[in-house]
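Per-entry structural report
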Amino acid sequence: MAQSSRKLVNIDNTKGGVENLVLPGDIISTAEEYVPGKNTAEMEGRIISLVYGNVKKDDKNLLISVSPLKSRKSIRAGDTVYGQVFKVDQRKASIKIGAAYDPVSGAIQFNGEGYVNLPQQYDRNSSPPVRIGDIVRARVVRTGDRGSELTIAGKGLGILKTLCPRCRLPMTRKNGSLYCDNCEKSEMRKVADDYGAIEIYGEMQ
Ligand SMILES: [Zn+2]
């Protein structure tokens, strides 16, 4: 891993004008503190981001919004992308790509579709390495008309964020698997090594 290309983004640090990358579904405030502005929505008393972007707070009007990232037209083999799993079948997981890593600008917006081929041994006896709704970091293997082939094999690749399939609360990493503090469900998935403390970087093994 090229250390020099790593750029730490602390999604909890929203003070002092620091630019903070948020992902779709990230909670950025409570509905008591702010009113939802652009690219946000209110959900059960919390304000969530609907896009990949940077949080902007307007303390005068108590408005919180998210500015989408600069956008990009295309991706290439070797690029790192961010997205959300929207379909899983026996052979592949389909991913809605929302951002790509750019060596100069960091994460930038890119909208597209991709898929990850699932291992053959995944069947009734084992759970899939990813599930619908998971936010993942993947690398582009090849681009194509029917979506880009992606891989989540590698330390920095895999799930960055997931919700408990039973109670829909964020799961934490515990002893190499994912665990729900609320209902004690645990799940084996392919998580990225910075699960729960997301870092943005482009070059990964
Ligand atoms: Zn749970």
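Presented here is a report on the structure given in the accompanying data block.

What counts, and where the lines are drawn
- Residues numbered from 1 in each chain as written.
- Predicted model: local features only at pLDDT ≥ 70, side-chain atom pairs only at ≥ 80, totals over all residues.
- Helix = DSSP H or I, 4+ residues; strand = E, 2+ residues; numbered from the N terminus.
- Pairing = 2+ DSSP bridges.
- Axes fitted to C-alpha atoms, helices over the stretch in contact; angles between N-to-C directions.

Here we take up unusual backbone geometry. Negative phi characterises most residues that are not glycine, and trans characterises most peptide bonds. Notably, Asn39 is not glycine yet its phi reads approximately 60°, a positive angle. Mapping Asn39 onto the fold places it in the loop between β4 (35–36) and β5 (40–43). Even without glycine at this site, Leu62 takes up a positive phi of about 55°.

Let's shift gears to the sheet that holds strand β17 (residues 186–187). Read across the sheet, three strands follow the order β15-β16-β17 without closing on themselves; strand pairing throughout is antiparallel. Each edge of the sheet is formed by a strand with only one pairing partner; in this case those strands are β15 (172–174) and β17. As paired strands, strand β16 (residues 177–179) and β17 are joined by two bridges and run antiparallel to one another. Bridged to Leu178 within β17 is Glu187.

Attention shifts here to the sheet that holds β5. The strand order across the open sheet formed by three strands is β3-β6-β5, and the pairing between neighbours is antiparallel. The two strands at the open ends of the sheet, each matched to only one other strand, are β3 (27–30) and β5. If you compare each strand with its neighbour and ignore which way they point, the axes differ by 30° on average. Sheet topology note: the β5/strand β6 (residues 46–49) ladder contains four bridges and is antiparallel. Across the sheet, the residue bridging to Glu42 is Ile47, located in β6.

As a further point, take the pairing of strand β11 (residues 106–117). Of the pairings in the sheet, the one linking strand β10 (residues 92–102) to β11 comprises ten bridges and is antiparallel in character. Counted as the bridge partner of Lys96 is Glu113 from β11. Connecting β10 to the next strand, β11, in antiparallel fashion are three residues.

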